[in-house]
Amino acid sequence: MAEQAEDQVQDASSDAGQEPEMDRPGGGAPAQEPAAAFTEPAEDIGTGGKSLEIGNFRVFTDLRLPEFDMGHCKAYAADSLSRSDGRVFALVTDPVLPTRYDLLRFLAGVHIGGQIDLLDHDVAYWPPFGRKTMVLFYEKPKGGRVIIASGKNRSIDEQDIASVVVEPLMNVLQALSEKGLTHRSIRATNLFFADAEGGAVILGDCASGPPGFDQPLVYETAARMASEPAGRGVGTLADDLYALGMTLAELGIGRRPLAKMSDQEIMDIKLSKGSFQAVASQEKLPLVLIEPVRGLLSDNADERWGFSELHAWLDGRRTKPQQGNTEKRAARSQNISGKDYYTVRSLAQGVSKNWVNALAPLRDGSVEIWLRRGLGDNDRAKALSDAMRQLQWGGSDKRAAEDVLIARSIIILDPKGPIRFKGFSAMIDGLGNMLSYDVQHGRGPQRFSDVVAREIPSFWFGRQEGFNPDIHKLQQVYKNLRYYVQQKSAGYGYERCLYSMVRNQHCLSPMIEKEYVVDIGQLLPALEKFAENAADESWPVDRHIAAFIASRLEDDVEGQLMAMQNPSDEVEYSRAIISMLAIVQWRHGPDNLQNLSHWVARLMEPAVKVFHSKARRERIETEIPKLAKRGNLVELYNLINDEQERRKDQSEFVEAVAEYSEAESEVFDLESSGSARLEMAETVGQQAAAFASTMIALLTVSALFLMHMF
Amino acid sequence: MAPRGKGKKTKGRGAFSGLSIIASAVLLFVVALPTFVTLAVGLLPSMAAFIFDRSPGRMMARCVFGLNFSGVAPYLLELWQHGAQSVGGATQHVFQPLALSIMYGAAGLGWLMYLAMPPIIANILNLSAQRRISELRKNQRNLIKTWGDSLIKEVDR
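These numbers come from a predicted model, not from an experiment.

Student: Summarise the overall build of chain B; cite the residues concerned and give the values.
Tutor: Looking only at helices and strands, chain B has 7 helices and 0 strands in total. Put simply, chain B runs from its N terminus to its C terminus through helices and strands in the order α-α-α-α-α-α-α. Counting over 157 residues, chain B shows a buried share of 28%. Counting contacts in chain B only where the partners sit at least 6 residues apart, residues at least 24 apart contribute 67% of the total.

What follows is the structure in structure tokens.
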């Protein structure tokens, strides 16, 4: 088991280090900007001969615009069919990474000073991928990228940074924070000049992938940097402000801070010295930027500069000085796998990176003693000792209980950090995107399921101090996850968690995955297309589609999901499936689904069996092809779900069964009562003979008397 | 206790009935000897039947007696019609071959009727059962025609 765990950790780390391959979907890894993103030497830049129309735009699939690539997404030349200025480009998202629904809704068609204008977005077939994906249409920034290929930076005068960079970016952050949104893609390489003169910058795309996915590690806060890129989470305004601080540092220095260090080294130095000290000790910051960078890179979110401090700085007023590193440092170190750790956060990271070896110091109480004596942190020490006590009650699965202990210990040490479980590492608000990434990149849902089944998120919520409405909201979302994971039937499982947590997750059913179905309204048209060549025996609703419908549909389909729990009951199973599809068509159309209707009609045989009367069945079997031809699933469903007719059929059938049974038993009685009947005939015959004899005697005597008298 | 009591009651009533018959016979013997002789000779088969038939209800004896009495009754009436009733006259009447044939023949007919009636009734009952069975089978066929094999499956379940 120990070796397995180590292997898992190693696998996870090697996966995370994959290079992106953006000519196919699922290149998936965060882009290594700026160099890797737009200095691809072998890239063919076409002539724009091939184009396709998407909504109001024409996109040239062979005309790349590498200067507008954003993060992991590639940009292509595009024309607006409704506008004449032609300053449009298309950003093609990676279909195996979910886009950000809330931001797309908010930004589409809206102009926010400081943010690149998102004109529209649409799901469209993208020939290089051979499947559909989300395409975002942005207005081209007039001034080009702020940081272009290395050595050719159009530097911004450090005295102008406040007006050229900070003010527009603050405007964006204010607009987003008013709506409870975060940008999470604020970095120097995602900045463009709004005009040719370079008087102001605008922020690039932030909606094409999971939040923070494309951010270099140095741009992530100490709390979030330990998370895998896909699981960095939506975060808060404080995370965007931190990224703004690092952006200012990069613009001031002229290159990315700590660029020569590996991710692990960046994490180590930020955890040991604090973010600002880490940057300041390695790079030479311009004097004018030291104050805002120090304020924005504060590792304590509560002490980090907000809008008021930034406004004060813009106005030339001095603000309160910031501590470099507020993390408490122990007098002595705690050693894990040969490495010394002095802060709880770095120790948490050390434990997560040395999953198996960290168990011994946790179990023998040395970490607890270190917390008490080295840090004087009795609260954490007590929580750790409670977790240890729970390990003793852990039950029969000792290995699982030990894993839970390690995961809980990490949360105790770093309660604001990501949930870490073996190789898994994601922020609580990034669990959904992490699951999406795992599922679509071959890791499978097991790690997520383990985390949820072992109630690690619940423990994380329990370790948060004070009331935070965002966390409370998240808690409500995660309340149902364990139930979903524990349910094995269609409509539940990790699939339900995925679609419940990630609003823009497209349906991953193998039948329609390439159709990139994000909204419930796109589901039936995609199925209609698949139905053209669907195998006769297959069902049009699988686990993914059931979960997708359950999560996205406004109506409650729990009844149908319950009926689907037993696939061997073909009648109820088929009725539940037809019912679900009919509700979707009724709610979202389209009116005519001929292929799907014919597919469903083929599968209606078990549902027709619900009627016992041959005449009724024949009538329905005659009706089905007619209705299928009209493409209306609702009518098909109503045909087999006429409750009055079903009840009548059922009651008549029950009567018929009773009548048949009575007849059968009467026939049996008659056939088996031969000897009894003979006995009865003997008795009755004798009685009849005696009666007849007596009657004859009476008649004779009476006749003789009468004859004598008359 | 009840069956024993009932048995006692039946036995008592039978004893009473036998006693009353004997008492009637003695009275008849004293009061109307020719009638007694006619009855005693004419009802000999019935008396034999009553003696040998030990079945409950003595159906055979009743059958024989009914027709036997029908055969004796004309001669009894003839005896009463002629004013001079004497034992000789009665004996002369009774022992005529024709009279004996009629009286004992009637008793024989009663016995035959006792033998013939049960098979006749059995045939009637069998025919009635056959007709009912075919009627029920026809109904079942109609039900299967309406409801199909699911009916059989449901019944078998």
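Student: For the overall build of chain A, give the residues involved together with the corresponding values.
Tutor: Scanning chain A for helices and strands turns up 30 helices and 12 strands. Scaling as 2.2 N^0.38, a compact globule of 710 residues should have a C-alpha radius of gyration of about 27 Å, whereas chain A reaches 37 Å, well beyond that. With respect to the three principal axes, the spread of C-alpha positions in chain A is 160 × 70 × 45 Å. Split into buried and exposed, the 710 residues of chain A put 46% on the buried side. In chain A, 65% of the contacts between residues at least 6 apart in sequence involve partners at least 24 apart.

Student: Kindly report on the nonpolar core, identifying the contributing residues and their values.
Tutor: Membership of the largest hydrophobic core comes to 190 residues, with the highest contact counts inside it found for A:Ala78, A:Phe89, A:Ala90, A:Val600 and A:Leu636. Counting residues per element, this core draws most heavily on helix 5 (residues 237-253) of chain A, which supplies 10 residues. Residue contacts for A:Ala90: discarding those within four places in its chain leaves A:Phe57, A:Val59, A:Ala75, A:Tyr76, A:Ala78, A:Val135 and A:Phe137. Grouped together as the second largest cluster of nonpolar side chains are 32 residues, B:Leu43, B:Met59, B:Tyr75 and B:Ala90 included.

Student: Describe the sheet that holds strand 5 (residues 118-126) of chain A, naming the residues involved and giving the relevant values.
Tutor: All names here are of chain A. Strand order in the open sheet made by the 6 strands is 1-2-3-4-6-5, with antiparallel pairing throughout. Here the strands that pair on one side only, and so sit at the sheet edges, are strand 1 (51-54) and strand 5. Taking each pair of neighbouring strands and ignoring which way they run, the sheet shows an average axis angle of 35°. Bridge analysis of strand 5 against strand 6 (residues 131-139) gives 8 bridges, and the strand direction is antiparallel. Bridge pairing links Trp 126 to Arg 131 in strand 6.

Student: Before we move on, could you go through unusual backbone geometry and cite the residues and values that matter?
Tutor: All names here are of chain A. Of note, the amide linkage connecting Gly 589 to Pro 590 takes the cis form, showing an omega dihedral of -5°. With respect to the helices and strands, the residue Pro 590 is situated in the loop between helix 24 (570-588) and helix 25 (594-602). The backbone phi angle of Tyr 516 is positive, close to 50°, even though this residue is not glycine. Residue placement: Tyr 516 occurs in the loop between helix 20 (493-501) and helix 21 (523-531). With 22 C-beta atoms counted inside 10 Å, the residue Tyr 516 sits in the buried group.

Student: Kindly report on the interface of chain B and chain A, identifying the contributing residues and their values.
Tutor: Between chain B and chain A, the contact holds 35 residues from the first and 35 residues from the second. Going through the elements one at a time, helix 4 (59-81), helix 6 (97-147) and helix 7 (149-156) of chain B are the ones with two or more residues in the side of chain B that touches chain A. At 20 residues, helix 6 of chain B tops the list of elements feeding residues into the side of chain B that touches chain A. Split by residue class, the side of chain B that touches chain A holds 22 nonpolar, 9 polar and 4 charged.

Student: Outline helix 15 (residues 431-440) of chain A, listing residues and values.
Tutor: Counting along an α-helix, one turn takes 3.6 residues, and residues three or four places apart therefore face a common direction. Residues and elements named next belong to chain A. Counting buried residues in helix 15 gives 9 out of 10 residues, a clear majority hidden from the surface. Those residues of helix 15 lying buried are Leu 431, Gly 432, Asn 433, Met 434, Leu 435, Ser 436, Tyr 437, Asp 438 and Gln 440. Contact partners of the buried residues in helix 15: strand 12 (424-426), helix 16 (446-453) and helix 20. Residue Gly 442 follows helix 15 closely and has a positive phi angle near 80°.

Student: Kindly report on the pairing of strand 6 of chain A, identifying the contributing residues and their values.
Tutor: All names here are of chain A. Within strand 6, 7 of the 9 residues are buried, which leaves it mostly tucked inside the rest of the structure. Taken together, the 5 bridges between strand 4 (residues 88-92) and strand 6 define a ladder with antiparallel strand orientation. Among the inter-strand pairings, Val 88 is bridged to a residue of strand 6, identified as Glu 139. As consecutive antiparallel partners, strand 5 and strand 6 are separated by 4 residues, and within that stretch Gly 130 has a phi angle of approximately 70°, a positive value.

Student: Outline the environment of A:Val172, supporting the account with residue identities and numerical values.
Tutor: All names here are of chain A. Secondary-structure assignment places Val 172 in helix 4 (residues 161-178). Taking the C-alpha atoms as reference points, Val 172 and Ile 202, separated by 30 residues in sequence, lie 8.9 Å from one another. Those residues in contact with Val 172, other than ones at most four positions away along the chain, are Ile 112, Gly 114, Gln 115, His 183 and Leu 203.

Student: Describe the packing of helix 4 of chain A against helix 9 (residues 307-314) of chain A, naming the residues involved and giving the relevant values.
Tutor: All names here are of chain A. It is at 11 Å that the axes of helix 4 and helix 9 come closest, and there the two elements cross at 155°. The orientation of helix 4 relative to helix 9 falls into the category roughly antiparallel. Read as a crossing pair, helix 4 and helix 9 show a hand that is left-handed. Counted together, Ala 162, Val 166, Glu 167, Met 170 and Gln 174 of helix 4 and Phe 307, Leu 310 and Leu 314 of helix 9 form the full contact between these two elements.

Student: Outline the environment of A:Gly374, listing residues and values.
Tutor: With respect to the helices and strands, A:Gly374 occurs in helix 12 (residues 366-374). In the structure, A:Gly374 is positioned 197 residues away from A:Val571 in sequence and 67 Å away in space, judged by C-alpha atoms.

Student: Please set out helix 29 (residues 643-672) of chain A residue by residue, giving values where relevant.
Tutor: For helix 29 of chain A, spanning 30 residues, the distance from its first C-alpha to its last is 43 Å, which sits close to the expected 44 Å at 1.5 Å a residue. Listing the buried residues of helix 29 of chain A in full gives A:Ala656, A:Val657 and A:Tyr660. Tucked inside the fold, the buried residues of helix 29 of chain A contact helix 6 and helix 7 of chain B.

Student: Account for the packing of helix 4 of chain A against helix 5 of chain A, with residues named and values stated.
Tutor: All names here are of chain A. Interhelical geometry of helix 4 versus helix 5 gives an angle of 165° and a closest axis separation of 11 Å. By the angle between their directions, the pair helix 4 and helix 5 is classed as roughly antiparallel. Crossing hand, helix 4 versus helix 5: right-handed. Between helix 4 and helix 5, the residues in contact are Ile 161, Val 165, Leu 169, Leu 173 and Ser 177 and Leu 237, Asp 240, Leu 244, Leu 248 and Leu 251, respectively. Of the residues that constitute the contact of helix 4 with helix 5, the class distribution is 8 nonpolar, 1 polar and 1 charged.

Student: Please provide a residue-by-residue account of the confidence of the model for chain B, values included.
Tutor: Residue and element names in this part refer to chain B. Across chain B, the average pLDDT comes to 85, with 89% of residues at or above 70. Across chain B, helix 6 holds the top mean pLDDT of 93, while helix 1 (residues 2-31) sits lowest at 67. Interface confidence for the predicted complex, given as ipTM, is 0.83, next to a pTM of 0.77.

The rules behind each value
- Residues numbered from 1 in each chain as written.
- Chains lettered and ligands numbered in written order.
- Predicted model: local features only at pLDDT ≥ 70, side-chain atom pairs only at ≥ 80, totals over all residues.
- Helix = DSSP H or I, 4+ residues; strand = E, 2+ residues; numbered from the N terminus.
- Buried ≥ 20, exposed ≤ 12 C-beta atoms within 10 Å, placed from the backbone.
- Contact = placed C-beta atoms within 7 Å.
- Rg over C-alpha atoms; globule rule 2.2 N^0.38 Å.
- Core = buried A, V, L, I, M, F, W, Y, C linked by C-beta atoms within 7 Å.
- Pairing = 2+ DSSP bridges.
- Axes fitted to C-alpha atoms, helices over the stretch in contact; angles between N-to-C directions.
- Nonpolar A, V, L, I, M, F, W, Y, C, P; charged D, E, K, R; others polar.
- Parallel < 35°, antiparallel > 145°, perpendicular 65-115°, else oblique.
- Left-handed = near helix turned anticlockwise from the far one by under 90°.
- Expected span 1.5 Å × (residues − 1).
- pLDDT = per-residue confidence, 0-100.

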